[in-house]
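Here is how the chains run, residue by residue.
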Amino acid sequence: MAQDYDSKINLHLDINHGLDRVTELVQTRLIECGWRDQVRLACRKAITENEKHIPTVDELIAIVTPKARSMVPDSVKRELLHELESILINVDKFGYSKSF
């Protein structure tokens, strides 16, 4: 049953370009609130902290990701949640009922 619902959601996202809308919304809001610049500064700081060892891309991701996730403003999280809820409501409106 859950796979059927997942398929229905994926179909709805494909038909209505929902995933593109959500991606664009998140990117726009993160840029507007300065999150992107903060992450860029965190990367630079991680690179310059230890001059003897320049971190690899994988190491840099491991260092910066937890901090970057915690820096996402609550307003952006709420807006994303609202958008995802709207998508799920629209999926249900098209005649598919959740049974889990």
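Along each chain, numbering runs from 1 in the same order as the chain's sequence is written. The predicted origin of the model limits local features to residues at a pLDDT of at least 70 and limits the giving and counting of side-chain atom pairs to 80 or more, whereas totals for whole chains, interfaces and linings rest on all residues. Hydrogens are left out, water is left out, and the side-chain values use all remaining heavy atoms of the structure.

Numbering of helices and strands runs from the N terminus; a helix is a DSSP stretch of H or I covering at least four residues, while a strand is a stretch of E covering at least two. One fewer than the residue count of a helix, multiplied by 1.5 Å, yields its expected span. Here helix H2 (residues 18-32) is 15 residues long and its end C-alpha atoms lie 21 Å apart, about the 21 Å a rise of 1.5 Å per residue gives. Exposure is judged per residue with a 1.4 Å probe applied to protein chains only, and the accessible area is read against the type maximum: over 50% gives exposed, under 20% gives buried, and values in between give partly exposed. Turning to H2, its buried residues are Gly18, Val22, Leu25 and Leu30. Projected down its long axis, H2 shows its buried positions confined to an angular sector of 120°, all on one face. Structural note: H2 exposes Asp20, Glu24 and Glu32 on the side pointing more than 90 degrees away from its buried face. In the stretch just after H2, Gly34 is the one whose phi turns positive, near 85°. It is the directions from the helix axis to the C-beta atoms that the arc portrays.

Here we take up the nonpolar core. The set of buried Ala, Val, Leu, Ile, Met, Phe, Trp, Tyr and Cys residues whose side-chain atoms join them within 4.5 Å is what this entry labels a nonpolar core. By size, the foremost hydrophobic cluster in this structure holds ten residues: Leu30, Trp35, Val39, Ala42, Ala46, Leu60, Val64, Ala68, Val72 and Val76. Secondary structure elements with two or more residues in this core: helix H3 (35-49) and helix H4 (57-70). It is H3 that provides the largest number of residues to this core, a total of four residues. Setting aside its immediate chain neighbours within four residues, Trp35 contacts Leu30, Ala68, Met71 and Val72. Within the second largest apolar cluster, five residues are counted, among which are Ile9, Val22, Ile87 and Val91. Two residues qualify as a contact provided that any one of their heavy atoms is within 4.5 Å of a heavy atom in the partner residue.

We now examine H3. Counted at 1.5 Å a residue, the expected span for H3 with its 15 residues is 21 Å, and the 21 Å between its end C-alpha atoms agrees. Buried residues in H3 make contact with H2 and H4.

Oppositely charged side chains can pair when the atoms bearing their charge come close. Here, a salt bridge means any Lys or Arg side-chain nitrogen found within 4 Å of an Asp or Glu carboxyl oxygen. Evaluation of the coordinates by the stated rule reveals four salt bridges. As a salt-bridge pair, Glu32 and Arg29 come within 3.5 Å of each other at their nearest N and O atoms. With a gap of three residues between them, Glu32 and Arg29 both fall in helix H2, about one helical turn apart. Each of Arg29, Glu32 and Glu79 takes part in a single network of salt bridges with overlapping partners.

Distances and angles like these do not, on their own, reveal function.
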